[in-house]
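# Commentary on secondary and tertiary structure
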Amino acid sequence: MLEPSPTAPQELSLAREGLEAAVLLDVELGDDAALDRHGAQLKPYYVDARSLVPPSPREGLLRALLLLRSLVAGRLAEFHADVASMPPTVASSPPVAHAAALEAWLAEGAYNKVLAEGRRPPDAAAAPLLGRLLATVRGEVATCCEAAYESLTMADAASLLRLDNEAALADVASARGWRLAGGRVHFPRGAAAATA
């Protein structure tokens, strides 16, 4: 039987820190393949090696980033399995609680809450993933607007999409083929039918 290395805790801590740095960089660069790979390598340090190394002060943030990646990718079973594997102290950390709230609101279709709260990340490192999640949700709301209305006032459309200004609304309108005229957003006829 092999004797464990006397420096095993330090070696495991160093490896965990390297993977944490890799995950943060992957999120910043938007490299989903690397994020998935590094996240999969990091999780065992938080679950299996928990008793072998001191807790990481960044675990809550890193676990939240991995949860957000699961939401962006639509991997809800993975999201719930990851939450279930967390100790209560990590699950109740602000970044993880924020990710869990976003998932709950998505599940109930409370897109207005996702669009409002997703703009206030508990840590700046989550901003790139949250931006992608919000773009997806905003697209869903836009599709609903196209199906439900012939036109909306620009103020109402911006409010529904949680956009800060008319320039942002103009960008969305241009991307989706909407016409802005007379202070209103006019949705193209058949837009909802074309996306269905």
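Residues numbered from 1 in each chain as written. Predicted model: local features only at pLDDT ≥ 70, side-chain atom pairs only at ≥ 80, totals over all residues. Heavy atoms only, no water.

## Here we look at the overall build of the chain
- When helices and strands are counted, the chain shows 11 helices and 3 strands.
- The secondary structure elements of the chain, listed N-terminal to C-terminal, are α-α-α-α-α-α-α-α-β-α-α-β-β-α.
- Against the 2.2 N^0.38 benchmark of 16 Å for 196 residues, the chain shows a C-alpha radius of gyration of 21 Å, more extended than a compact globule.
- If you line up the chain on its principal axes, its C-alpha atoms span 75 × 30 × 25 Å.
- Taken over 196 residues, the chain has a buried fraction of 38%.
- Considering only residue pairs separated by 6 or more positions, the chain has 60% of its internal contacts joining residues 24 or more positions apart.
- Carbon and sulfur atoms make up 59% of the accessible area of the chain, which totals about 10,400 Å². (Helix = DSSP H or I, 4+ residues; strand = E, 2+ residues; numbered from the N terminus. Rg over C-alpha atoms; globule rule 2.2 N^0.38 Å. Buried < 20%, exposed > 50% of the residue type's maximum accessible area, 1.4 Å probe, protein only. Contact = heavy atoms within 4.5 Å. Areas by Shrake-Rupley, 256 points an atom, 1.4 Å probe, with all protein chains shown as cover.)

## Section: helix H2 (residues 32-47)
- Spanning 16 residues, H2 covers 22 Å between terminal C-alpha atoms, matching the ideal 22 Å at 1.5 Å per step.
- Of the positions making up H2, those classed as buried are Ala 34, Leu 35, His 38, Gly 39, Leu 42, Tyr 45 and Tyr 46.
- Considering only its buried residues, H2 is in contact with helix H1 (8-29), helix H3 (59-73) and helix H8 (127-148). (Expected span 1.5 Å × (residues − 1).)

## Points about the packing of aromatic side chains
- This model, assessed by the stated rule, comprises 1 aromatic pair.
- Consider the rings of Trp 178 and Phe 187, whose centres lie 4.8 Å apart with planes at 90°: the pair is edge-to-face.
- For Trp 178, a relative accessible area of 7% gives the class buried. (Phe/Tyr/Trp six-rings, centres within 6.5 Å; stacked < 30°, edge-to-face > 60°.)

## Re the environment of Arg 176
- In this structure, Arg 176 sits in helix H10 (residues 166-176).
- Residues contacting Arg 176, with those up to four places away along its chain left out, are Gly 139, Ala 142, Thr 143 and Glu 146.
- Within the structure, the side chain of Arg 176 is placed 2.9 Å from the side chain of Thr 143, a separation counted as a polar contact. (Polar contact = N/O pair within 3.5 Å; in protein donor to acceptor, adjacent residues only side chain to side chain.)

## Considering the packing of helix H9 (residues 154-161) against H10
- Viewed as axis vectors pointing N to C, H9 and H10 meet at an angle of 85°, and their least axial separation amounts to 10 Å. Relative to H10, the element H9 lies roughly perpendicular. Facing Met 154, Ala 157, Ala 158 and Leu 161 of H9, the residues of H10 in contact are Glu 166, Leu 169 and Val 172.
- Residues that form the contact of H9 with H10 fall into these classes: 6 nonpolar, no polar and 1 charged. (Axes fitted to C-alpha atoms, helices over the stretch in contact; angles between N-to-C directions. Parallel < 35°, antiparallel > 145°, perpendicular 65-115°, else oblique. Nonpolar A, V, L, I, M, F, W, Y, C, P; charged D, E, K, R; others polar.)

## Re the sheet that holds strand S1 (residues 151-153)
- Judged by pairing direction, the sheet is antiparallel, and its 3 strands sit side by side in the order S1-S3-S2 without closing on themselves. This sheet does not close on itself; its edge strands, each paired only once, are S1 and strand S2 (179-181). Going across the sheet, the axis of each strand differs from the next one's by a mean of 25°, ignoring polarity.
- Across 3 bridges, S2 lies against strand S3 (residues 184-186) in antiparallel orientation. Bridging across to S3, Leu 180 finds its partner in Val 185.
- Contacting S1, S2 and S3, H9 crosses the sheet at an angle of about 90° to S1. (Pairing = 2+ DSSP bridges.)

## Some words on the confidence of the model for the chain
- Predicted confidence across the chain gives a mean pLDDT of 92, with 95% of residues reaching 70 or more.
- Per-element confidence in the chain ranges from a low mean pLDDT of 48 for helix H11 (residues 191-195) to a high of 97 for H3.
- Below pLDDT 50 for its whole length, residues 191-196 participates in 4 contacts with residues either more than four positions away or in separate chains. (pLDDT = per-residue confidence, 0-100.)

## A few points about the side chain of Arg 16
- With respect to the secondary-structure elements, Arg 16 resides in helix H1.
- Buried within the structure, Arg 16 lacks any salt-bridge partner; its nearest side chain of opposite charge belongs to Glu 20, at an N-O separation of 4.2 Å.
- Contact partners of Arg 16, with chain neighbours within four places excluded, come to Leu 42, Tyr 45, Tyr 46, Val 53, Pro 54, Pro 55 and Ser 56. (Lys, Arg positive; Asp, Glu negative; His and termini not counted. Salt bridge = Lys/Arg side-chain N within 4 Å of Asp/Glu carboxyl O.)

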